[in-house]
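# Structural overview
What follows is each chain in one-letter form.
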Amino acid sequence: MPVQPRPPAPGGGSGGEHVGAPPDDHAVGLAHFNSLPFAAAEAAFLECCGSLRWAHRMAAHRPYPDLGALLAASDEAGYDLAPGDIAEALAAEPAPCLHHDAPRAAHLALRAAHAAYESRFGHAFVICLDSYAPSQHVDQVLAGIRVRLAHEVDEERAVTAEELRRLARSRIVELVTADPCR
């Protein structure tokens with residue numbers, strides 16, 4: 001499914017729903033992030049998007065004056081990804097998973113849907129679920145796969161790239177919103 005929760009990035013988070021958080025919530029985290037050594041920043045960015053070229057570019061353009069500038073840079077770098085960069089980012093996405101207590105039927109349905117998607121398009125299904133409650137994630141993933149299986153390859157490539165950009169933005173917000181002292 002690859003969705004967000006990812007393991008916490010160095011000094012940061014997992015891809016939550018903090019896009020509407022007040023700017024003050026980001027100032028300390030952004031300052032901390034801007035001060036990280038290049039390698040640590042690049043590693044943190046790799047947790048947001050698995051393209052090494054994207055992460056390198058994002059780390060190299062620091063410091064970012066504010067969250068808006070950081071997110072704009074993320075979008076710009078995302079739009080510049082070549083097909084190989086997108087493939088690299090997709091390969092780095094975490095494997096789909098459900099809570100172990102989820103019904104067996106849900107696990108089977110999700111596995112079957114992912115297999116059908118991967119067979120058709122040759123890569124993992126990604127979707128940003130920020131606007132949905134966790135209880136809706138499985139339904140949204142299954143519905144998303146169902147709709148996107150009808151796409152032509154080029155159309156799905158564009159949708160996938162947009163979902164990767166949305167995931168990266170969400171993970172960046174979590175990264176700079178996280179308490180740097182944790």
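Scroll up to find the structure.
In this report, the structure presented in the accompanying data block is examined.

Conventions adopted
- Residues numbered from 1 in each chain as written.
- Predicted model: local features only at pLDDT ≥ 70, side-chain atom pairs only at ≥ 80, totals over all residues.
- Heavy atoms only, no water.
- Helix = DSSP H or I, 4+ residues; strand = E, 2+ residues; numbered from the N terminus.
- Buried < 20%, exposed > 50% of the residue type's maximum accessible area, 1.4 Å probe, protein only.
- Polar contact = N/O pair within 3.5 Å; in protein donor to acceptor, adjacent residues only side chain to side chain.
- Contact = heavy atoms within 4.5 Å.
- 1 Å grid on protein atoms, 1.4 Å probe; cavity = no way out; pocket = protein on both sides within 12 Å on 5 of 7 lines; lining within 4 Å.
- Points joined across faces, edges and corners; volume = space filled by probe spheres on them.
- Nonpolar A, V, L, I, M, F, W, Y, C, P; charged D, E, K, R; others polar.

### Considerations on the environment of His-26
In this structure, His-26 sits in helix H1 (residues 24-35). When its relative accessible area of 5% is taken as the criterion, His-26 is described as buried. Along the chain, His-26 and Leu-67 lie 41 residues apart, while their C-alpha atoms are 6.8 Å from each other.

### Some thoughts on the side chain of Asp-85
Within the element layout of this structure, Asp-85 appears in helix H5 (residues 83-92). Only 2.3 Å separates the side chain of Asp-85 from the side chain of Arg-53, close enough to count as a polar contact. Discounting chain neighbours no more than four positions away, the residues touching Asp-85 are Ser-51 and Arg-53.

### Here's the deal with the layout of surface pockets
Roughly 180 Å³ of volume is contained in the second largest pocket. Pro-83, Ile-86, Ala-87, Leu-90, Phe-121, His-123, Val-153, Glu-156, Arg-157 and Thr-160 together form the lining of the second largest pocket. Contributing elements (two or more residues each) for the lining of the second largest pocket: H5 and helix H8 (153-177). For the lining of the second largest pocket, the per-class residue count stands at 6 nonpolar, 2 polar and 2 charged.

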